[in-house]
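# What the coordinates show
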Amino acid sequence: MRDSNSRQDLEEDSRSCLDRSSGIDAASYRDLFSLARNGILLCGVSKGGSCTILNANPAALRIERLSRDELVGEEFERAILGAADFGIMDLIREVNSSGVPLHISPKRHSDSRTDILRDMSVHRLNEGVVAIVYDDVSDSVDACTKLGESKPELDRLVSNLPGIAFRCKNDREWTMEVVSRGIIELTGYRPEEIIGNKELSYSDLIYAEDREMVWGLIQESFAVGDRYEIEYRIVTRSGQVKYVLERGKVVAGESGGEVFVEGFISDVTDLRVARREAEVK
């Protein structure tokens, strides 16, 4: 463990990152950082590639089942279970060098303390500072395994996921055919208002300046037959702007004619908060 003076210095460094943020006041960012449902670790990366945890939000402490004193100031590879198995250290170094965010699909790790299945993303906030945003999705995956072919139960599970599972036409309106009830929490709109463009289309929810970018990138992925990952802004019923991350793929329908887009949309506004908190330079 680090001594108390070193830990205090690290925590002061983390707070000073936040205090240099512009726009919303620092106290508001601290509140949002604390309330984020995903685990967020702010880490400093040395020129030699070592990674030290500067701050951890309550969700990260819950996932790791550790106290703040057991995380802050520690080397990431030593403190986080499965860091080597997940290949996360290589990603941290690559993201810190390139500035391009990277994602690790859910991977399981077991030890004597816990059995976890992590979905992790790494983003560079400033030179030498990265944010690792993740969640332990073991419960959801295990539940899906147990549910097997029980469609009603599976539908109920999907409807409770913190995000939007969807299937839509590959048209400019993103005409929804299936959309989970997670859309209510994320956007304030109900599925029946969006499906079939009854009240408005999903395209209407996308921030006007981002619509062409979303269309172009998804069509590019379709042309090469690859999955896509794209971050953009939406505007909720109340007028709030949120950042979302959409992962999906354009697929052919059963008849082989019309094509559809299937995927999942999650709220990454918390990540933007983390970026604000870590503005050190």
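Residues numbered from 1 in each chain as written. Predicted model: local features only at pLDDT ≥ 70, side-chain atom pairs only at ≥ 80, totals over all residues. Heavy atoms only, no water.

### Things to note about empty space enclosed by the protein
The tally for this structure, following the rule as stated, stands at one cavity of 30 Å³ or more. Considering only enclosed or pocket space, the largest cavity measures out at about 50 Å³ in volume. Lining the largest cavity, in full, are Phe 166, Cys 168, Trp 174, Met 176, Tyr 202, Ile 206, Val 214, Ile 218, Tyr 232 and Glu 246. Taken together, the elements giving at least two residues each to the lining of the largest cavity come down to strand S6 (164-169) and helix H13 (211-224). Across the lining of the largest cavity, the residue classes tally to nine nonpolar, no polar and one charged. (1 Å grid on protein atoms, 1.4 Å probe; cavity = no way out; pocket = protein on both sides within 12 Å on 5 of 7 lines; lining within 4 Å. Points joined across faces, edges and corners; volume = space filled by probe spheres on them. Helix = DSSP H or I, 4+ residues; strand = E, 2+ residues; numbered from the N terminus. Nonpolar A, V, L, I, M, F, W, Y, C, P; charged D, E, K, R; others polar.)

### Quick notes on the sheet that holds strand S8 (residues 228-235)
In space, the five strands of this open sheet follow the order S7-S6-S10-S9-S8, with antiparallel pairing throughout. Whereas interior strands pair on both sides, the edge strands pair on one side only; in this sheet they are strand S7 (176-179) and S8. Geometrically, the sheet is characterised by an average inter-axis angle of 30 degrees between neighbouring strands, direction not taken into account. Where S6 meets strand S10 (residues 259-267), six bridges bridge the pair, whose relative direction is antiparallel. What sits directly across from Ala 165, in S10, is Phe 264. Where H13 meets the sheet, its contacts fall on S8, strand S9 (241-252) and S10, and the angle it forms with S8 comes to roughly 160 degrees. (Pairing = 2+ DSSP bridges. Axes fitted to C-alpha atoms, helices over the stretch in contact; angles between N-to-C directions. Contact = heavy atoms within 4.5 Å.)

None of this, on its own, says anything about what the molecule does.
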